[in-house]
Amino acid sequence: MTTIESSPEVVAAVSNASVDADSTSWLDRFVDVFTSTDHKVIGRHYFASGLVGLLAIVVVNILIAVERLDGANITLDVEVIPQLLDAQRVGLVFAVLLPLAMAMSVAFVPLQVGARAIVFPRLAFAGFWMWLGGAIITVVALVNNGGTLGGDSDMVDLFIVGLGVMAIGLTSTAGSVVTTILTTRAPGMTMRRVSPSTWSAMVFNLGVILVMPVFVGTLTYLFLDHRYARTGFGGNEGILDWVGWIFTQPATFLFAIPAVGMLVEIFPITFGKRTPARGVMFAGLALVGVAALGAITQQNLQNLPWAGSQLSASNLDEKARDLVPYVLFNGLPLIGVLLVLLVALQIARPVEGMRIKVSPAVFFAFFGYGMVFVGMLGNMLYAIDDAGVQGTVFEEATLVYIVYGAVLGAMGALVHWAPKLWGRQLNNGAAITLAFAGVAATILATFPLYIAGLLDQPAGVAYDDSDLEVWNILSLVGHGLMAVTALAFVLLMLTSLLGRHDDDAVGDDPWNGQTIEWGTTSPAPRDNFVDVPIIHSAEPMLDLRAASAAPTNGSDS
Amino acid sequence: MYALPAAAPPAPQRQVLVGVALAVMAAVMMTGSMLAVWALQRRDAIDFQGSWLPDGVTIPEVPTNVMLLAFVGICVFGQWAVYSAKNDDRGHTILALGCTFLVGLLVINAQAYVYTQMNLGIADGTYAAMFYAITGFFMVLMIIGLLFTTVAAFRFIGGRSADRELLTAHALYWYAMSAIYAGIWFLVYVTK
């Protein structure tokens, strides 16, 4: 067992507090669910909502995929299809990707930096409720013919308001997370000693703080113009022209950074090594964020406007002018994730006597990273005009790759840190099976759409070429498998969460973790640590185990 | 049993200041994006219609310039509060915060005067909708600033005079508001 040294008075005080907590009435506990200042409770809310959002959006994806089975005929109501496409675009980013990425930040970052609480906890929780309220408003608007192609003017207004409220909520929580990382790290924990997950959370949340206000500012114009003037922004059909950038690449790269960071969080634990070249790994994660931010602001320069025989050696200066921004905005995020991969491969390089402790999280993290990486590669191809995939289903496939990849990363985080959240671990065998099912579902749901996009299947649900049907059938199978995977994961989590058997109960450090959250009890107490520990390296728990294993003169400690 | 050595409880590290800095960053990003879209729409309107300001609408320049000058005062008073607090001068701290509040009210009053003098309805076209969006958002920031000043003043009146970080954050907020208004003043009121 691993624990933190504590003075007897503090231990007694905490024990008394926990007795008090146990004796609170159900009403107090019910109220605590809505007003808690415990970051783990807030993080659980984000996780639960993100998983519910995933289940809902997978159903939307299945409906769209069913509609695509016969490209020449429309099965559903014609007016429903634009709402479904809107729900898919908005939902994948705002109901799945963002809440799950935020959940990973809120639930685990304070534990990892050695903080007793998240800074501004009420702001963080208010942010969650705002996001949830905005999501409900958006769903109501879409169901009642709102959305970017909706026919009900008031509902279109409501749709814009819903998006804005969600963005403000997420920004509030992001402010709380970044302040926590910057101001409440344990003594000795410099920024170079924070964990990869914490670093990726900071890059992601800073990105949210920089990007969401731009989104909200434009939405404010869109709302007032749509409600009162309808001349300057193209009505509801202009919504995507002005704010569509947040529902697609490269903005989604920014939101998928926590999933990328999971790879280098889990690999050192799996292979029992320290992370080499931490600066390179941090630079890689930051590069994804910076490049994505830069690309968001310069979307008109990202494409490579080459068509026809552009590979000749003529007009080199003009070609260089086209190529440089394309490579900068599309290549830099890839270089960032490749740097992360290089560090991970360095960790995984076998050495004599290396012991591998395989956990389900490593599969989720690896597959999640891989899917995000393939999505980035796809986006690089999408930006080449000569590839001829713009305006096809290729873009949707790229978005789904990124989002499903990030979902796998978030599932990995839940599997890994479940002991700290509720004191039990998920069934290892079942979780590993779900990781494989998740990656198979992602590939099946998206790769056929890459092929269909290359074969010129237009975005939307209609197409003329019956040869494309097979790719759409495969995509439907993939979304169906993802629905089963998501549902099974939720059930697995609930079984662990509500389980009364002691079989799943774990010690404080079931994975031989390296960071300080594994030094507190499982589940972590409300204040995380009885006493805040002093940090002397980036892997304090590894240091402790090494010191304990080293031969001592005289007696064992 | 493995045990990490326990540290003394760490002192709070400028959480309010960092939080306000992040909030200010978000406000600057939001205003910056709104001004960028304003400039884009203005350029398109001038290209297609020859003018951006609707016919018959005149921007009263005196109150808009007075607002810019008022922000110089707000920054001075905000910094005066920080200086006084550092010198344990509670009286002058409260006086400086009071002056900040009054000049802030002056700015809101001047903006209300601009609204009444322009006689522009929010439904009078894209210019009107965008004008009310950007200046309305700025008024929201002003009201938040006044609430911030009020809270800071009452904390000092209540005797929490060691809370200097709050005043530094308060001054930072008003510096940022000054920069934001300078952008609005130049793009909305000067170049029109």
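Draft legend 1. Up close: the packing of helix α6 (residues 153-183) of chain A against helix α7 (residues 196-229) of chain A. All names here are of chain A. One way to put it is that α6 packs onto α7 with a least axis distance of 8 Å and a crossing angle of 155°. By the criterion of interaxial angle, the relationship of α6 to α7 is roughly antiparallel. Considering how the two elements wind past one another, α6 and α7 form a crossing that is left-handed. The class makeup of the residues in the contact of α6 with α7 is 23 nonpolar, 7 polar and 3 charged.

Draft legend 2. Layout of the packing of aromatic side chains. For the structure on display, the rule yields 45 aromatic pairs over all chains. For the ring pair Phe128 of chain A and Trp131 of chain A, a centre distance of 5.9 Å and an interplane angle of 40° mean the geometry is tilted. Within this pair, Phe128 of chain A and its partner Trp131 of chain A are both found in helix α5 (residues 121-143), separated by 3 residues, close to a single helical turn. Aromatic side chains Trp199 of chain A and Phe282 of chain A sit 4.7 Å apart centroid to centroid with 20° between the ring planes, which places their arrangement in the stacked category. Of this pair, Trp199 of chain A sits in helix α7 while Phe282 of chain A is found in helix α11 (residues 278-297), placing the two residues 83 residues apart along the sequence. The exposure class assigned to Trp199 of chain A is buried, which follows from its relative accessible area of 17%. Pairwise contacts between aromatic rings join Trp38, Trp52, Phe71, Tyr115, Tyr127, Phe131, Tyr132, Phe138, Tyr181 and Tyr189 of chain B into one cluster.

Draft legend 3. Structural detail: helix α4 (residues 126-157) of chain B. Compared with the 46 Å implied by 1.5 Å per residue over 32 residues, the 46 Å span of α4 of chain B between its first and last C-alpha is a close match. A positive backbone phi angle near 105° is found at Gly159 of chain B, which sits one or two residues after α4 of chain B.

Draft legend 4. Quick peek at the pattern of salt bridges. Residue and element names in this part refer to chain A. Scanning the model with the defined rule gives 15 salt bridges over all chains in all. Note that Arg526 and Asp32 form a salt bridge whose closest N and O atoms lie 3.6 Å from each other. In this pair, Arg526 sits in the loop between α16 (469-498) and α17 (540-549) while Asp32 sits in helix α2 (residues 26-35), placing the two residues 494 residues apart along the sequence. Its salt-bridge partner being Arg89, residue Asp86 comes within 3.1 Å of it at the nearest N-O pair. Placement of both Asp86 and Arg89 in helix α4 (residues 80-113) is noted, with a separation of 3 residues, approximately one turn of the helix. By relative accessible area, which is 2% here, Asp86 ends up buried. A cluster of three or more residues bridged by salt bridges with shared partners is formed by Arg274, Arg278, Glu539 and Asp543.

Draft legend 5. Region of the structure containing the interface of chain A and chain B. Across the boundary between the two partners, chain A contributes 42 residues, which contact 35 residues of chain B. Together chain A and chain B conceal approximately 3,400 Å² of surface at their shared face, both sides included; 74% is due to carbon and sulfur atoms. Considering only the surface of chain A that becomes buried against chain B, Thr183, Tyr221 and Tyr228 of chain A emerge as the three largest contributors, covering 19% of it. At the boundary of chain A with chain B, the tally comes to 0 salt bridges. Of all the secondary structure elements, the ones that give two or more residues to the side of chain A that touches chain B are β1 (2-4), α6, α7 and α17 of chain A.

Draft legend 6. Layout of the nonpolar core. Core analysis: the largest hydrophobic core is formed by 230 residues, its most contacted members being Phe94, Met212, Phe215, Phe255 and Phe489 of chain A together with Trp38 and Phe131 of chain B. Setting aside residues no more than four positions away along its own chain, Phe94 of chain A makes contact with Pro99, Trp131, Met166, Ala167, Leu170, Met212, Phe215, Ile246 and Phe247 of chain A.

Draft legend 7. Fine view of unusual backbone geometry. The residue after Gln249 of chain A, namely Pro250 of chain A, is reached through a cis peptide bond having omega 5°. Turning to its location among the elements, Pro250 of chain A is positioned in the loop between α8 (239-243) and α9 (251-255). In this model, Ser522 of chain A is joined to Pro523 of chain A through a cis peptide bond whose omega is -10°. Residue position: Pro523 of chain A is located in the loop between α16 and α17. If you check the backbone angles, Asn512 of chain A has positive phi at about 60° while not being a glycine. Secondary-structure assignment places Asn512 of chain A in the loop between α16 and α17. By relative accessible area, Asn512 of chain A is classed as partly exposed at 36%. Even without a glycine there, the phi angle at Asp88 of chain B is positive, about 55°. Locating Asp88 of chain B in the fold gives a position in the loop between α2 (61-86) and α3 (90-118).

Draft legend 8. Representation of α2 of chain B in the model. Residue and element names in this part refer to chain B. Here α2 is 26 residues long and its end C-alpha atoms lie 38 Å apart, about the 38 Å a rise of 1.5 Å per residue gives. Inspection of α2 places Pro63, Thr64, Met67, Ala70, Phe71, Ile74, Cys75, Gly78, Ala81, Val82, Ser84 and Ala85 among the buried residues, and these make up the whole buried set. Against the buried residues of α2 lie α3, α4 and α5 (164-190). Of the residues trailing α2, Asp88 is marked for its positive phi of about 55°.

Draft legend 9. Here's a closer look at the environment of Tyr127 of chain B. Residue and element names in this part refer to chain B. Note on placement: Tyr127 falls in helix α4. Expressed as a C-alpha distance, the spacing of Tyr127 and Gln41, which sit 86 residues apart in the sequence, is 8.7 Å. Each residue touching Tyr127, except ones within four places of it in the same chain, is listed here: Trp38, Trp52, Leu53, Pro54, Ile59, Met118, Leu120 and Val188.

Reading the values: rules and limits
Residues numbered from 1 in each chain as written. Chains lettered and ligands numbered in written order. Predicted model: local features only at pLDDT ≥ 70, side-chain atom pairs only at ≥ 80, totals over all residues. Heavy atoms only, no water. Axes fitted to C-alpha atoms, helices over the stretch in contact; angles between N-to-C directions. Helix = DSSP H or I, 4+ residues; strand = E, 2+ residues; numbered from the N terminus. Parallel < 35°, antiparallel > 145°, perpendicular 65-115°, else oblique. Left-handed = near helix turned anticlockwise from the far one by under 90°. Nonpolar A, V, L, I, M, F, W, Y, C, P; charged D, E, K, R; others polar. Phe/Tyr/Trp six-rings, centres within 6.5 Å; stacked < 30°, edge-to-face > 60°. Buried < 20%, exposed > 50% of the residue type's maximum accessible area, 1.4 Å probe, protein only. Expected span 1.5 Å × (residues − 1). Salt bridge = Lys/Arg side-chain N within 4 Å of Asp/Glu carboxyl O. Contact = heavy atoms within 4.5 Å. Buried area = accessible area lost by both parts, 1.4 Å probe. Core = buried A, V, L, I, M, F, W, Y, C linked by side-chain atoms within 4.5 Å.

Everything listed here is a matter of geometry and, on its own, says nothing about what the molecule does.
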